[in-house]
Amino acid sequence: MTKDAHYADLKQTLLQQIEAADDDGKYSEAQFDRLMQAIEDLRPLSPIPQPMDEQEKVASPWRTLFACFGPKHSAGKTLVHDTLLSYQSFNKFPAVPVRVTGLEQEIHAVTREYNNLAYLTAPDGATTAVAITRGRYDEDADNRQRYSVTFHSVELISQAGSSIDDLRRAFDLPEDQPMKVELKANFHSDVVFCDETLRINFGSVGGVYVLERLHHGGTSVDFTRS
């Protein structure tokens, strides 16, 4: 097998292991171990071994295919899961039950925006919104895979054009709840693998994430800016 064929085979194996989840998005212990091994097998072959030196190749919207969450309140949860709005907002929004239906991330190489997007369904089961946690990243001189991120605000916006008042009601929020709140939270995330279509991140609180590159203009970031 050629080097390129081996590389393509390892990528395909990882994607197959991600798809091996059951109908609820869960993995057996054996499936999870195989998935983690597939990540480790692919990791040393990253075409971009030091992403901080090639930031323009990482910059993009990305959709999360697999997430092994590090924080205690989310550990063991599947990508689609029930949680609290407070957990999606560094406790800046109330502890309202919500369902996470998808996760994305947007990185801009020039502005150094590093935003996390959580797609949420409200307690009414119908209203949808996006919680956008906005941050900016700095370099780590000693670790060229590391993005040192300071998150500075979180906001909740409607996906379907609902008014702010309707969004507050659907998410059981107080009438005076600000829909954008400032915060300060520092984390780091290591991009241990990246190519034209796939990225693997190891988070500072123990999370492991596999993401696929998207090809749209961005939801929280204007990628036309230089």
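Please refer to the structure higher up on the page.
Residues numbered from 1 in each chain as written. Predicted model: local features only at pLDDT ≥ 70, side-chain atom pairs only at ≥ 80, totals over all residues. Heavy atoms only, no water.

J.: Could you give me a rundown of the nonpolar core, with the residues and numbers involved?
T.: Formed by 37 residues in total, the largest nonpolar core has its most connected members in L85, F93, L120, Y147, L156, F171 and L173. Taken together, the elements giving at least two residues each to this core come down to β1 (60–68), β3 (97–107), β4 (114–121), β5 (128–139), β6 (146–158), α3 (164–170) and β7 (180–194). In contact with L156, other than residues within four places in its own chain, are L85, F93, L120, A129, V130, A131, L167, F171, L173 and M179. Residues I18, I39, F66 and V192 belong to the second largest nonpolar core, which totals 17 residues. (Core = buried A, V, L, I, M, F, W, Y, C linked by side-chain atoms within 4.5 Å. Buried < 20%, exposed > 50% of the residue type's maximum accessible area, 1.4 Å probe, protein only. Helix = DSSP H or I, 4+ residues; strand = E, 2+ residues; numbered from the N terminus. Contact = heavy atoms within 4.5 Å.)

J.: Residue-level account of helix α2 (residues 29–42), with values.
T.: Side chains that are three or four residues apart share a direction in an α-helix, a result of its 3.6 residues per turn. When the terminal C-alpha atoms of α2 are compared, their 20 Å separation across 14 residues agrees well with the 20 Å that a helix rising 1.5 Å per residue should span. Buried-residue contacts for α2 involve α1 (3–19), β1, β7, β8 (198–203) and β9 (208–213). (Expected span 1.5 Å × (residues − 1).)

J.: Account for the environment of D222, naming residues and giving values.
T.: Relative to the helices and strands, D222 is located in the segment after β9. Exposure remark for D222: the relative accessible area of 35% places this residue in the partly exposed category. Taking the C-alpha atoms as reference points, D222 and A131, separated by 91 residues in sequence, lie 17 Å from one another. Of the polar contacts made by the side chain of D222, one reaches the side chain of T224; its length is 2.5 Å. (Polar contact = N/O pair within 3.5 Å; in protein donor to acceptor, adjacent residues only side chain to side chain.)

J.: Describe the packing of α1 against α2, naming the residues involved and giving the relevant values.
T.: At a closest axis distance of 9 Å, the pairing of α1 and α2 adopts a crossing angle of 155°. It follows that α1 is roughly antiparallel to α2 by the angle criterion. Like other packed secondary-structure pairs, α1 and α2 cross with a definite hand, here left-handed. Contacts between α1 and α2 involve Y7, L10, K11, T13, L14, Q17 and I18 on the former and, on the latter, Q31, R34, L35, A38, I39, D41 and L42. Partitioned by chemical class, the residues of the contact of α1 with α2 number eight nonpolar, three polar and three charged. (Axes fitted to C-alpha atoms, helices over the stretch in contact; angles between N-to-C directions. Parallel < 35°, antiparallel > 145°, perpendicular 65-115°, else oblique. Left-handed = near helix turned anticlockwise from the far one by under 90°. Nonpolar A, V, L, I, M, F, W, Y, C, P; charged D, E, K, R; others polar.)

J.: Residues and numbers for the pairing of β3, please.
T.: Side-chain direction in a regular strand flips from residue to residue, so the side chains alternate between the two faces of the sheet. Of all eleven residues in β3, eight are buried; the element is thus mostly enclosed. Bridge count between strand β2 (residues 81–84) and β3: four bridges; the pairing is antiparallel. By the bridge assignment, H81 is partnered in β3 with V100. Here eight bridges tie β3 to β4, and the two strands are oriented antiparallel to one another. Bridging across to β4, G102 finds its partner in Y119. (Pairing = 2+ DSSP bridges.)

J.: Give a description of α1 that names residues and reports values.
T.: Compared with an ideal rise of 1.5 Å per residue, which puts 17 residues at 24 Å, α1 spans 25 Å between its outermost C-alpha atoms and is within 8% of the ideal. Buried-residue contacts for α1 involve α2, β1, β7, β8 and β9.

J.: Quick one: what's the story with unusual backbone geometry, residue by residue and with numbers?
T.: Although it is not a glycine, F90 sits at a positive phi angle of roughly 50°. Here F90 lies in the loop between β2 and β3.

Distances and angles like these do not, on their own, reveal function.
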